[in-house]
Amino acid sequence: MTLQDIIHVLLVNWKIIFKYTIGAAIIIFMYLLLISPVTYKAPVTILPPAENDQLSGLGSLISGSGVGDFLTGKLAPGNSQLFIQILKSRTAAEYVIRKNNLLEFFNEEKEYAAVKQLQQSLEMDLSKEGIITLSVNVSSEFIPFLFSDINSIKELSANISNSYVEALDSINREKVSYRAKRGREYIEEQLNITKTELDSAEVKLMEFQKKNKTVSLPDQLTSAIESAAKLKAEIVSTEIEIGLLEPNSKPDNRTLLALKKKLNQLNNEYEKFDIDSDDYLIAFSDVPELGMLLSKLLRTVKIKNEVYLLLQQQYYKERIQENRDVPTIDILDEAIPPEKKVSPRLIYSTFISSIFVLLMVSSFLIFREKKISFFKKERNT
């Protein structure tokens, strides 16, 4: 058939096309208006974890180390992706289901089936600034004006979105508490070891001073001992950071490699206190015999005392971190019951469906006319 033949068929049958299209449009419109389930969603927006959040834990003792984020559970903005993965998890879905009694809403007996339905309804978007927008499509029953309470559906959509934020916060706080507990246990072990060594060093120093009452050290050497003690405390602090980070990091982790490099530099600096060198204050080996013994004992006590104070301070910080109950998630906009449904879209869906019906009816008439023309030609031949 030519284009003119097609146009002719459409013009001749325009009443039929119009009738079926309008009829279908009315049926579709009434179905969407009265029968089709209505869907609502209430978005909630979550701010990304702040880079400049106040650090607690061992990372706050040495600024710039970058390990504080690991210890406290705080994440960089780029790790908003990790928040999204937590929100998609089965654990988060189970929390929301139990919080809102969704087994009954989804008409499911098993929790895993409700989890699957909930996860399929979950929608998330991540902006370039790291802000997460979360919403869940909550639908009514068929013939909603008879079998569903629309206001309850609206409320539920907001409650589910806010419950997801609560789930994220709960999971994040659990991980923070676990890290703090592990850090506290590790530091507690080091604290006990250091306390024993400090007590032993103090007893030896006391016995030496009783036996050699006249021995004293020059101010320059005393200053060097103080410096050595502070340097040794920083070495121990760095070793603890490595001990906490290493079990959970790959060997090529940049932060871990930087800490190991720093530890080597600190150890090289500390070794200068033990060798014959004139370029670093005063070498301990240049001190007379009794002074040498006193300086070693005093240095050991100073070092152990500095390390003990550092570990004690950190131990209480980790205990506070382990037991605190502070929200770890910042919400920009809380979910509220929506005013408008997201589906069905009456006008848009009716229009698109009507166009589809129009094309189908027109195609049928053209095909029928073409078939009739074909049979006529066959008879004439």
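Quantities reported herein were computed from a predicted structural model and do not represent experimental measurements. (Residues numbered from 1 in each chain as written. Predicted model: local features only at pLDDT ≥ 70, side-chain atom pairs only at ≥ 80, totals over all residues. Heavy atoms only, no water.)

**Focus on the overall build of the protein**
Move 1: Counting its regular elements, the protein contains 13 helices and six strands.
Move 2: By residue count, 39% of the 381 residues in the protein fall in the buried class.
Move 3: Considering only intrachain contacts with a sequence separation of at least 6, the fraction spanning at least 24 residues in the protein is 80%. (Helix = DSSP H or I, 4+ residues; strand = E, 2+ residues; numbered from the N terminus. Buried < 20%, exposed > 50% of the residue type's maximum accessible area, 1.4 Å probe, protein only. Contact = heavy atoms within 4.5 Å.)

**A word on the packing of aromatic side chains**
Both the distance between ring centres and the angle between the ring planes are used here to describe each pair of aromatic rings.
Move 1: Following the criterion strictly, the structure yields two aromatic pairs and no others.
Move 2: Between the aromatic rings of phenylalanine 105 and phenylalanine 106, the centroid separation amounts to 5.4 Å while the plane-to-plane angle is 70°, which identifies the pairing as edge-to-face.
Move 3: Judged by its relative accessible area of 15%, phenylalanine 106 is buried.
Move 4: With a centroid separation of 5.4 Å and an interplanar angle of 70°, the aromatic rings of tyrosine 315 and tyrosine 316 are classed as edge-to-face.
Move 5: The class of tyrosine 315 is buried, set by a relative accessible area of 12%.
Move 6: Note that lysine 232 overlies the ring of tyrosine 270, its terminal NZ or CZ placed 5.3 Å from the centroid.
Move 7: Directly above the aromatic system of tyrosine 348 lies the positively charged group of arginine 345, at a separation of 4.3 Å from the ring centroid. (Phe/Tyr/Trp six-rings, centres within 6.5 Å; stacked < 30°, edge-to-face > 60°. Lys NZ or Arg CZ within 6 Å of the ring centre and 35° of its normal.)

**Thoughts on the pattern of salt bridges**
Move 1: This structure, assessed with the given rule, holds twelve salt bridges.
Move 2: Between lysine 41 and glutamate 123 there is a salt bridge, with the nearest N and O atoms lying 2.8 Å from each other. Separated by 82 residues along the polypeptide, lysine 41 in the loop between β1 (39-40) and β2 (44-46) and glutamate 123 in strand β3 (residues 122-126) bring together distant segments of the chain.
Move 3: Measuring nitrogen to oxygen at the nearest pair gives 2.6 Å for the salt bridge that ties glutamate 197 to lysine 304. With a gap of 107 residues between them, glutamate 197 in helix α9 (residues 150-211) and lysine 304 in helix α12 (residues 289-323) connect regions that are remote in the sequence.
Move 4: Each of the salt bridges in this network shares a partner with another, and the network as a whole consists of Arg90, Glu94, Arg98 and Glu111. (Salt bridge = Lys/Arg side-chain N within 4 Å of Asp/Glu carboxyl O.)

**Here's the deal with the pairing of strand β4 (residues 132-136)**
Move 1: Counting buried positions along β4 gives four out of five residues, so the element sits mostly inside the fold.
Move 2: Alignment of β2 against β4, held across three bridges, turns out to be antiparallel. What sits directly across from threonine 45, in β4, is threonine 133.
Move 3: One ladder, built from five bridges, connects β3 with β4; its direction is antiparallel. If you follow methionine 124 over to β4, its bridge partner there is leucine 134.
Move 4: Connecting β3 to the antiparallel partner β4 that follows it, the hairpin turn spans five residues, and glycine 130 within it adopts a positive phi of roughly 95°. (Pairing = 2+ DSSP bridges.)

**So, the nonpolar core**
Move 1: By size, the foremost hydrophobic cluster in this structure holds 34 residues, and its most contacted members are Leu102, Leu118, Ile160 and Tyr164.
Move 2: Among the secondary structure elements, those contributing two or more residues to this core are β2, α4 (80-87), α5 (90-100), α7 (111-121), β4 and α9.
Move 3: Considering every element that reaches this core, the biggest residue donor is α9, with nine residues.
Move 4: For isoleucine 160, the contacting residues outside a window of four places in its chain are Val96, Asn100, Leu102, Leu118, Val136 and Val138. (Core = buried A, V, L, I, M, F, W, Y, C linked by side-chain atoms within 4.5 Å.)

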